[in-house]
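Remarks on the overall topology
Chain residues, written in single-letter form:
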Amino acid sequence: MKKQRKIIVGNWKMYPETSERAKEIFAAISRGVRGIKKTEVVICPPSVYLPIFKKSKSKIFSLGAQNVFWEMAGAYTGEVSTKMLSEFGAKFVIVGHSERRRLGETDEAVSKKVSAVIRAGLKAIICIGESERDVNGAYFEFLKNQIKNSLSGLRPADLQKIIIAYEPIWTIGKSYNDAMKPSDIHEMSLYIKKLLSDMYSKEIAFKVPVIYGGSAEVENAFSIMSEGQVDGLLVGHKSLVPEDFIKIVKAADVA
Ligand code: 13P
């Protein structure tokens, strides 16, 4: 099977605090990833910063948003639509991040958002992940339900427009020592592909990129992708440190 291009997604969360700093980080990353050939890089800044980066001509970079609403317009205070994000350059949208689920986002809302993203011609980066690992392996069932519910309503052809980001919540925002072990990541990515294969077909399932997130840093990026056999990474805190993020992208290019 043809090897997929690796995908490195930088989720800036609600950082940096000023647009000036955002410009500096973006410029440094842009310089650093020149020459990257086999890896797709997606930067997801806070949405209000998207217009600043829209003009970037880079073929390596794409822009993404961290959230969206499923309606196209209406009396929905505080929400933004897929069309609005698209106008300002977003090609991807992170949906169902655990930090949003913690604020009350349900699988049902995630499913509506995923459908809206795909209908708008954008790609959905769908986040799943258990909050803890129990000895009896209940997290397998938890993930299964999360995937089934978050993808409900998708047709087989829609799967070309999704990326599954597996982010075990207990590994987020720590250091590489606390990330999941590559062998466990491999097990989980196989499990996710098997679920998709049962829901759709093997052929479709194996084309859906599965990426890992949770304390991905320079030290573990290569081993997660090579031994863990995932299609890329969803990087949080290190996506704001240009020199580290650039090294992570370079690791993906050779993984
Ligand atoms: P960290 O890389 O900071 O652990 O964050 C992971 C994450 O939540 C990315 O979406």
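Right, let's walk through the structure included here. Please read all numbers here as calculations on a predicted model, not as lab measurements. (Residues numbered from 1 in each chain as written. Predicted model: local features only at pLDDT ≥ 70, side-chain atom pairs only at ≥ 80, totals over all residues. Heavy atoms only, no water.)

Counting through the fold element by element, Lys-55 comes out in the loop between helix 2 (50-53) and strand 3 (61-65). A sequence separation of 33 residues divides Lys-55 from Phe-88, and the C-alpha atoms of the two residues are 9.3 Å apart. (Helix = DSSP H or I, 4+ residues; strand = E, 2+ residues; numbered from the N terminus.)

As a further point, take the pattern of salt bridges. For the structure shown, the criterion picks out 15 salt bridges. With its nearest N and O atoms 3.4 Å apart, the salt bridge here joins Lys-193 to Asp-231. In this pair, Lys-193 sits in helix 7 (residues 182-199) while Asp-231 sits in the loop between helix 9 (218-226) and strand 8 (232-235), placing the two residues 38 residues apart along the sequence. Given a relative accessible area of 10%, Lys-193 falls into the buried group. (Salt bridge = Lys/Arg side-chain N within 4 Å of Asp/Glu carboxyl O. Buried < 20%, exposed > 50% of the residue type's maximum accessible area, 1.4 Å probe, protein only.)

Here the focus is the packing of helix 9 against helix 10 (residues 242-254). At a closest axis distance of 9 Å, the pairing of helix 9 and helix 10 adopts a crossing angle of 20°. With respect to their mutual orientation, helix 9 and helix 10 come out roughly parallel. Helix-helix and strand crossings are classified by hand; for helix 9 and helix 10 the assignment is right-handed. Residue-level inspection shows Val-218, Ala-221, Phe-222 and Met-225 of helix 9 in contact with helix 10, the latter providing Asp-244, Lys-247, Ile-248, Ala-251, Ala-252 and Val-254. Grouping the amino acids of the contact of helix 9 with helix 10 by side-chain chemistry returns eight nonpolar, no polar and two charged. (Axes fitted to C-alpha atoms, helices over the stretch in contact; angles between N-to-C directions. Parallel < 35°, antiparallel > 145°, perpendicular 65-115°, else oblique. Left-handed = near helix turned anticlockwise from the far one by under 90°. Contact = heavy atoms within 4.5 Å. Nonpolar A, V, L, I, M, F, W, Y, C, P; charged D, E, K, R; others polar.)

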